[in-house]
Structures are given as C-alpha cells and as structure tokens.
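Results of the structural survey
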Amino acid sequence: ISIGEEYTAAGTTRFDAIPAWEETIRDVTSFSRRRGDLPAQQEGDVVDVRGFLHRDGSVLCSVSLETLQKMQPEELYRQLGAK
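Residues numbered from 1 in each chain as written. Predicted model: local features only at pLDDT ≥ 70, side-chain atom pairs only at ≥ 80, totals over all residues. Heavy atoms only, no water.

What follows covers the overall build of the chain. The helix and strand inventory of the chain stands at three helices and zero strands. Starting at the N terminus and walking to the C terminus, you meet the elements of the chain as α-α-α. Nonlocal contacts in the chain, meaning residues at least 24 apart in sequence, comprise 19% of its contacts between residues at least 6 apart. With an accessible surface of roughly 8200 Å², the chain has 52% of that area assigned to carbon and sulfur atoms. (Helix = DSSP H or I, 4+ residues; strand = E, 2+ residues; numbered from the N terminus. Contact = heavy atoms within 4.5 Å. Areas by Shrake-Rupley, 256 points an atom, 1.4 Å probe, with all protein chains shown as cover.)

Right under this line is the structure:
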C-alpha cells in the first residue's frame, strides 16, 4: 500500500503551486479531548451525515487481511499516516 504516493513521487509537479502550510493554532502533540459539535441532520438533507464522525473522535479505516499479513506493523502505521 502506498497511500498518496502519486502526489509525492519525485518528478510530480501537480501540486507545486500550493503554498507550504504550517499548523500555528493547535498543539498537534497534545492528546487532550477536543470539544465541538458533530454534524447534525438538517431538514432537507439528502444524506444523513450523523454517522460520518464518531462522537469520541476515533478515526476508522479499513485494512485488508492480506495487508495485515504482509506488512510489518511499523510500515502499516506509516502508510496510514499514524507515524
């Protein structure tokens, strides 16, 4: 699995015009619970968005059994963007 490799591969110029971005507001090393309002169903919404985000902030991602069997944990975490 090479998530996003087509955007970062050497010689790729597709995103060169996008300015560099740096986080200046949130402390990304803090794991304290953030507070906010989750999406609510609004009258007239075609899609029910309430289930898109988990209430405790968990991020869910599917990984195939084949990937779990072939890939070392450290590599899998890196590919998922967790390391």
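What follows is about the confidence of the model for the chain. Within the chain, residue pLDDT values average 77, and 83% of them lie at 70 or more. When mean pLDDT is taken per element in the chain, helix H2 (residues 65-70) scores highest with 91 and helix H1 (residues 5-8) scores lowest with 69. (pLDDT = per-residue confidence, 0-100.)

Attention now goes to the pattern of salt bridges. Under the criterion given, the structure shown has two salt bridges. The shortest N-O distance in the salt bridge between Lys70 and Glu66 comes to 2.7 Å. Of this pair, Lys70 and Glu66 both sit in helix H2, separated by four residues, roughly a single helical turn. Arg78 is the salt-bridge partner of Glu75, the closest N and O atoms lying 3.3 Å from each other. (Salt bridge = Lys/Arg side-chain N within 4 Å of Asp/Glu carboxyl O.)

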